[in-house]
Amino acid sequence: MSAPFLGVFDSGVGGLTVVHALRKAAPHIPIWYVADQAHVPYGGRPLDEVRGFACGISEALLANATAECVGVVMACNISSAVALPVVQAKYPHVPVLGVVEPGAQAAAKRTRNGRIGVLATEGTVQSGAYRLALRRIAPDYEVYEVACPAFVPIVEAGAEGSEAAREAACLYLHELEAHEVDTVILGCTHYPFLLPLLRRLSPQFVYIDPAEPTAETVGQMLSSLEVLGTPRHRLFTTGDVGAFHAQLERLFPDLLLVSEVKSARWDGDQLVLD
Ligand code: DGL
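Residues numbered from 1 in each chain as written. Predicted model: local features only at pLDDT ≥ 70, side-chain atom pairs only at ≥ 80, totals over all residues. Heavy atoms only, no water.

(A) Representation of the overall build of the protein chain. Scanning the protein chain for helices and strands turns up 12 helices and 11 strands. Here the C-alpha atoms of the protein chain give a radius of gyration of 18 Å, agreeing with the 19 Å that 2.2 N^0.38 yields for 274 residues. In terms of principal-axis extent, the alpha carbons of the protein chain reach across some 55 × 40 × 35 Å. Residues counted as buried form 55% of the 274 residues belonging to the protein chain. As displayed, the protein chain has an accessible area near 11,600 Å², and 53% of this comes from carbon and sulfur atoms. (Helix = DSSP H or I, 4+ residues; strand = E, 2+ residues; numbered from the N terminus. Rg over C-alpha atoms; globule rule 2.2 N^0.38 Å. Buried < 20%, exposed > 50% of the residue type's maximum accessible area, 1.4 Å probe, protein only. Areas by Shrake-Rupley, 256 points an atom, 1.4 Å probe, with all protein chains shown as cover.)

(B) Main features of the environment of Gly 52. Relative to the helices and strands, Gly 52 resides in helix H2 (residues 47-62). Along the sequence, Gly 52 and Asp 269 sit 217 residues apart, while their C-alpha atoms lie 7.2 Å from each other.

(C) Fine view of empty space enclosed by the protein. Applying the stated criterion across every chain, the model contains 2 cavities of 30 Å³ or more. The computed volume of the largest cavity comes to approximately 90 Å³. Looking at the largest cavity, it is lined by 13 residues, and the ones nearest its centre are Ser 11, Cys 76, Ile 78, Thr 121 and Cys 188. Residue composition of the lining of the largest cavity, by class: 5 nonpolar, 7 polar and 1 charged. Its boundaries defined by the atoms lining it, the second largest cavity holds a volume of some 40 Å³. Taken together, Thr 17, Val 18, Val 99, Leu 186, Cys 188, Thr 189, Pro 192, Asp 209, Pro 210 and Ala 211 make up the full set of residues lining the second largest cavity. Its residues assigned to classes, the lining of the second largest cavity comprises 7 nonpolar, 2 polar and 1 charged. (1 Å grid on protein atoms, 1.4 Å probe; cavity = no way out; pocket = protein on both sides within 12 Å on 5 of 7 lines; lining within 4 Å. Points joined across faces, edges and corners; volume = space filled by probe spheres on them. Nonpolar A, V, L, I, M, F, W, Y, C, P; charged D, E, K, R; others polar.)

Here it is as structure tokens:
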């Protein structure tokens with residue numbers, strides 16, 4: 001058996017922003033990360049289809065025969081919105097966490113005027129997950145959700161500095177400015193890569209990245225877990241391994257130094273980790 005590991009997944013490179021935070025909060029834990037790049041972007045797909053992908057990936061991590069999975073983090077807002085209760089119910093003895101609840105809690109701590117914006121994919125907006133989570137904290141919050149379909153393809157292509165990125169960001173931020181929100185949740189794990197651009201265009205907002213509060217919770221939960229040696233990580237993609245390697249080299253070269261990059265493939269609705 002290999003060392004116990006924490007399973008983390010997203011549709012693509014976005015969830016690596018959560019891995020980055022997890023490596024700070026729980027540096028002793030090996031991570032197996034799945035990027036479902038065969039299906040990226042998830043955001044415009046039917047919610048049932050996304051639920052199927054998220055359940056298939058969770059299953060492959062939790063039920064694998066080669067190492068013990070000590071927990072799963074859905075580093076994907078839309079998966080957290082539509083699949084979290086299903087996987088939690090199936091695996092009640094293993095912690096399974098999403099990013100929506102920690103993101104909503106963090107925003108609630110920072111807002112002063114109770115007007116909160118959410119930038120997210122179409123599916124996450126459609127699910128209403130952030131609105132519901134925020135209203136559970138305070139029923140009188142005004143929540144404005146803006147779907148940003150252009151952002152994920154821009155980040156996957158490494159085009160954060162392009163004119164297309166600037167134009168899309170201006171459009172989405174304009175809606176939130178009109179509603180006078182003071183706090184903006186980055187409701188998709190790809191968006192923190194666009195944070196320098198967003199801050200330049202609308203510096204008046206407090207931006208909330210759910211990755212950090214999520215990672216802190218995981219770090220506390222797994223603090224007593226003993227794993228010997230320096231963790232080695234496994235980074236799987238259901239897409240092209242060479243292209244994923246190049247993305248990692250650009251985004252997180254330090255992570256690449258302590259990781260193996262591997263392929264994963266779908267066999268019907270089952271995910272096979274090679
Ligand atoms: N990064 C994911 C999220 O947080 C999915 C984005 C997508 O593939 O559309 O929602």
